[in-house]
Amino acid sequence: MAQLLSGTAVSAKVLERIAEETRTLPVQPTLAVIIVGDDPASRVYVNNKKKACAKAGFRSLEYALPAEAGQAALLGRIAALNADPSVHGILCQMPLPKSFGYDEQEVAQAISPEKDVDAFHPVNVGHIMLGEPLFQPCTPAGVLELLDDAGISLAGKHVAVVGRSNIVGKPMALLALHRHATVTVCHSRTADLAAVTRQADVLIVAVGRANFITADMIRDGAVVVDVGMNRLDSGKLCGDVDFAAAQAKASWITPVPGGVGPMTIAMLMRNTLTAAKASCGILGMK
Ligand code: NAP
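Below is a short write-up of the structure. Only a predicted model underlies this, so the values are computations on that prediction, with no experimental measurement involved. (Residues numbered from 1 in each chain as written. Predicted model: local features only at pLDDT ≥ 70, side-chain atom pairs only at ≥ 80, totals over all residues. Heavy atoms only, no water.)

**So, unusual backbone geometry**
Reasoning step 1: The linkage connecting Met-94 with the following residue, Pro-95, adopts the cis geometry, with an omega of 0°.
Reasoning step 2: Along the chain, Pro-95 turns up in the loop between strand S4 (89–92) and helix H4 (104–110).
Reasoning step 3: For the bond from Val-256 to Pro-257, the omega torsion is 0°, close enough to zero to count as cis.
Reasoning step 4: Its location among the elements puts Pro-257 in the loop between strand S11 (252–253) and helix H10 (260–279).
Reasoning step 5: Within the chain, His-180 stands out as a residue other than glycine whose phi angle is a positive 70°.
Reasoning step 6: Judged by relative accessible area, His-180 falls into the exposed class, the value being 58%.
Reasoning step 7: The phi dihedral of Asn-211 falls on the positive side, at around 55°, and the residue is not glycine.
Reasoning step 8: Along the polypeptide, Asn-211 turns up in the loop between strand S7 (202–205) and strand S8 (223–226).
Reasoning step 9: A relative accessible area of 42% means that Asn-211 is categorised as partly exposed. (Helix = DSSP H or I, 4+ residues; strand = E, 2+ residues; numbered from the N terminus. Buried < 20%, exposed > 50% of the residue type's maximum accessible area, 1.4 Å probe, protein only.)

This is the structure we're talking about:
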């Protein structure tokens, strides 16, 4: 029976450490969150980020724009926050409303790289690629923090990452590579997915389909990290892995909820702390 990798417990420890460090700083780290429209899932994510700010001792600012505000108004808000020295981190909650002509790439590039705590700006993506990021990609960094807490090393292991999105799969593969794993990245065109996943010592799944990974796709004793967050018709949240069956085969497994989700937010707080420290010269910007 697998042991649980509890994001709830580990993220609480991380937030405590951040709060401790925050008390020693000459500035109060400040995160500005922009939300456009009234998507209920985005509202939950933004509220969770504000709660984490409170736990970390940060100031949080929320800017809620109506869905019809438009790209120019959004870019104007970002420009004002870029210019405000009391704001250390800026994020725009994604996805943006489908109508009204929003361009998410342009938004990611509009946020000043020194305040881009989601690490979506091409400059920060480049630093991640080079293995020397100031800001860590939040979800992949959260996965590593969970593994570190359990004493699970990736060096020399075969890590299979299922999913190749810019925010999870690709940076996850790079971070695992920097930790000396042998990495296979799978996606919708992978010919025989189960043949790859069955060879993985560590299986990291970010697809967005409930119960997509079944027990027969998991090697005995593998570490299984489920990034997926799917809302069932019943309203229940579940991951991409058939948890009950996988638990019998894996050595370690993340639950959903309570796994990678809270870790992502904890890493966002860590990036905001880093931005605040850099703003007062406590650490140098790369
Ligand atoms: P995404 O951009 O939709 O990417 C999904 C990936 O899954 C794509 O690369 C896609 O391949 C791949 N895929 C789809 N069908 C597949 C199949 N049959 N076999 C193999 N691969 C397949 O999603 P995302 O943003 O990475 O998010 C993935 C999941 O993680 C979602 O449930 C999301 O809600 C969740 N998530 C959770 C957190 C967290 O903090 N826990 C953070 C971010 C995302 P192609 O590239 O070939 O299309």
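**A few points about the state of the cysteines**
Covalent bonding between the sulfur atoms of two cysteines is what defines a disulfide.
Reasoning step 1: In this structure the tally under the stated criterion is zero disulfides.
Reasoning step 2: Note on Cys-53: no disulfide assigned, nearest cysteine sulfur contributed by Cys-138 at a separation of 12 Å.
Reasoning step 3: Owing to a relative accessible area of 0%, Cys-53 belongs among the buried residues under this scheme. (Disulfide = S-S within 2.5 Å.)

**Let's talk about the site of the ligand**
Reasoning step 1: Taken together, 22 residues are adjacent to the ligand, and Arg-164, Ser-165, Ser-188, Met-229 and Thr-264 come closest.
Reasoning step 2: One nitrogen or oxygen atom from the side chain of Arg-164 is found 2.7 Å from an oxygen atom belonging to the ligand.
Reasoning step 3: His-187 is positioned such that a nitrogen or oxygen atom in its backbone is 3.5 Å from a nitrogen atom of the ligand.
Reasoning step 4: Burial of the ligand by the protein chains amounts to 72% of its free accessible area of 920 Å².
Reasoning step 5: The element that contributes the greatest number of residues to the shell around the ligand is H10, accounting for three residues. (Near = heavy atom within 4 Å. Polar contact = N/O pair within 3.5 Å; in protein donor to acceptor, adjacent residues only side chain to side chain. Areas by Shrake-Rupley, 256 points an atom, 1.4 Å probe, with all protein chains shown as cover.)

**Notes on the sheet that holds strand S2 (residues 30–36)**
Reasoning step 1: The three strands lie next to each other as S3-S2-S4, forming an open sheet whose pairing is parallel. The two strands at the open ends of the sheet, each matched to only one other strand, are strand S3 (59–65) and S4. Averaged over all adjacent pairs, the angle separating strand axes in this sheet is 15°, with direction ignored.
Reasoning step 2: As defined by bridge partners, S2 adjoins S3 across seven bridges and the pair is classed as parallel. Within S3, the position partnered with Val-33 by the bridge is Glu-62. (Pairing = 2+ DSSP bridges. Axes fitted to C-alpha atoms, helices over the stretch in contact; angles between N-to-C directions.)

**Points about the pairing of strand S5 (residues 158–162)**
Residues in a regular strand point their side chains to alternate faces of the sheet.
Reasoning step 1: Most of S5 sits inside the fold, with five of its five residues counted as buried.
Reasoning step 2: The side-chain alternation of S5 yields two buried faces, one formed by His-158, Ala-160 and Val-162 and the other by Val-159 and Val-161.
Reasoning step 3: After leaving S5, the chain enters helix H7 (residues 169–178) and then returns to the sheet as strand S6 (residues 182–186), a path that is right-handed.
Reasoning step 4: Here four bridges tie S5 to S7, and the two strands are oriented parallel to one another. (Right-handed = clockwise from strand over helix to strand, strands pointing away.)

**Section: helix H1 (residues 7–22)**
Reasoning step 1: Between its terminal C-alpha atoms H1 stretches 22 Å, which fits the 22 Å expected from 16 residues at 1.5 Å a residue.
Reasoning step 2: Within H1, the full set of buried residues consists of Gly-7, Val-10, Ser-11, Val-14, Leu-15, Ile-18, Ala-19 and Thr-22.
Reasoning step 3: Each element contacted by the buried residues of H1 is listed here: helix H2 (40–56), helix H6 (138–149) and H10. (Expected span 1.5 Å × (residues − 1). Contact = heavy atoms within 4.5 Å.)

**Quick look at the packing of H6 against H7**
Reasoning step 1: Contact geometry for H6 and H7: axes closest at 8 Å, N-to-C directions at 40°. Taken as axis vectors, H6 and H7 run oblique relative to one another. When the axes of H6 and H7 are compared, the crossing they make is right-handed. Facing Pro-140, Ala-141, Val-143 and Leu-144 of H6, the residues of H7 in contact are Pro-171, Met-172 and Leu-175. (Parallel < 35°, antiparallel > 145°, perpendicular 65-115°, else oblique. Left-handed = near helix turned anticlockwise from the far one by under 90°.)

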